[in-house]
Amino acid sequence: LSPTPPPPRMSDTDTPLFDFVSAGGRPGVDWTGFFGQVLDAGGTPLADVPLIVWYRDGTPASEVVRTDASGSYEIRLAEAPLAGTWSIQVLTDDYQPASKLFTFNTDEDLQRGIQQIQVIWQRIR
């Protein structure tokens, strides 16, 4: 058994391994949160990559979630529309920052608002 890494701490990095490629939002009655995919430098999906969502104050808004075999992830922050300011980040296996922090807002407006945010990440080095 490998030792459990210390809990992640919210911080930015000047040497990111991953960068955000694209993002989009959609309304969602059923849940609020993030979904997307993590790719290697050539565009192939990467499995078992850890990600986390932070509250504005730096506390975790989610557990650390790892991508599945298709490089996909889903992080549900609430099972309903929820207004908030969230920062999503890719982590290394020992829970250090592997990307810069990207911040998005959600709201409770189901007509024009955004509750579900898709973020695609790609390895840059």
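Placed above this text is the structure.
Per-chain numbering applies: the sequence of each chain, read as written, is numbered from 1 onward. Note on the predicted model: pLDDT of at least 70 is required for a residue's local features to be given, and 80 or more for side-chain atom pairs to be given and counted; whole-chain, interface and lining totals, by contrast, use all residues. Heavy atoms throughout the structure, all of them, feed into the side-chain values; hydrogens and water do not.

**As for the pairing of strand β2 (residues 32-39)**
- For β2, a buried count of seven out of eight residues is recorded, marking the element as mostly surrounded by other parts of the structure.
- When DSSP finds at least two bridges between two strands, those strands are taken to pair. The secondary structure listing takes helices from DSSP runs of H or I that are at least 4 residues long and strands from runs of E that are at least 2 residues long, numbered from the N terminus. For β2 and strand β5 (residues 72-78), the ladder comprises six bridges, and the chain directions are antiparallel. Across the sheet, residue Gln37 finds its bridge partner in β5, namely Ser72.
- Sheet topology places β2 next to strand β8 (residues 116-123); seven bridges connect them, and they run parallel. Directly across from Gly33, in β8, lies its bridge partner Gln116. Each residue is assigned to one of three classes by its accessible area relative to the maximum for its type, calculated with a 1.4 Å probe on protein chains only: buried under 20%, partly exposed between the two thresholds, exposed over 50%.

**Quick notes on the packing of aromatic side chains**
- Only Phe, Tyr and Trp rings take part, Trp by its six-membered ring, and two of them pair if their centres are within 6.5 Å. Stacked means planes under 30 degrees apart, edge-to-face means over 60, and tilted covers everything else. Considering all chains together, one arrives at six aromatic pairs under this definition.
- Between the aromatic rings of Tyr55 and Trp86, the centroid separation amounts to 5.5 Å while the plane-to-plane angle is 45°, which identifies the pairing as tilted. With a gap of 31 residues between them, Tyr55 in strand β3 (residues 50-55) and Trp86 in strand β6 (residues 84-90) connect regions that are remote in the sequence.
- Under the relative-accessibility criterion, Trp86 is labelled buried at 4%.
- Following the ring pairs from residue to residue traces out a cluster consisting of Phe20, Phe34, Phe102, Phe104 and Trp121.

**Looking at the environment of Thr15**
- Mapped onto the elements of the fold, Thr15 is located in the segment before β1 (18-26).
- Relative accessible area serves as the criterion here: at 48%, Thr15 is assigned to the partly exposed category.
- Measuring from C-alpha to C-alpha, the distance between Thr15 and Ile52 comes to 18 Å, with 37 residues separating the pair along the chain.

**Some points on unusual backbone geometry**
- The phi torsion at Asp48 lies on the positive side, around 65°, for a residue other than glycine.
- With respect to the helices and strands, the residue Asp48 is situated in the loop between β2 and β3.
- When its relative accessible area of 46% is taken as the criterion, Asp48 is described as partly exposed.
- In this structure, Tyr95 takes a positive phi of about 65° despite not being glycine.
- Examined against the element boundaries, Tyr95 turns out to sit in the loop between β6 and β7 (102-106).

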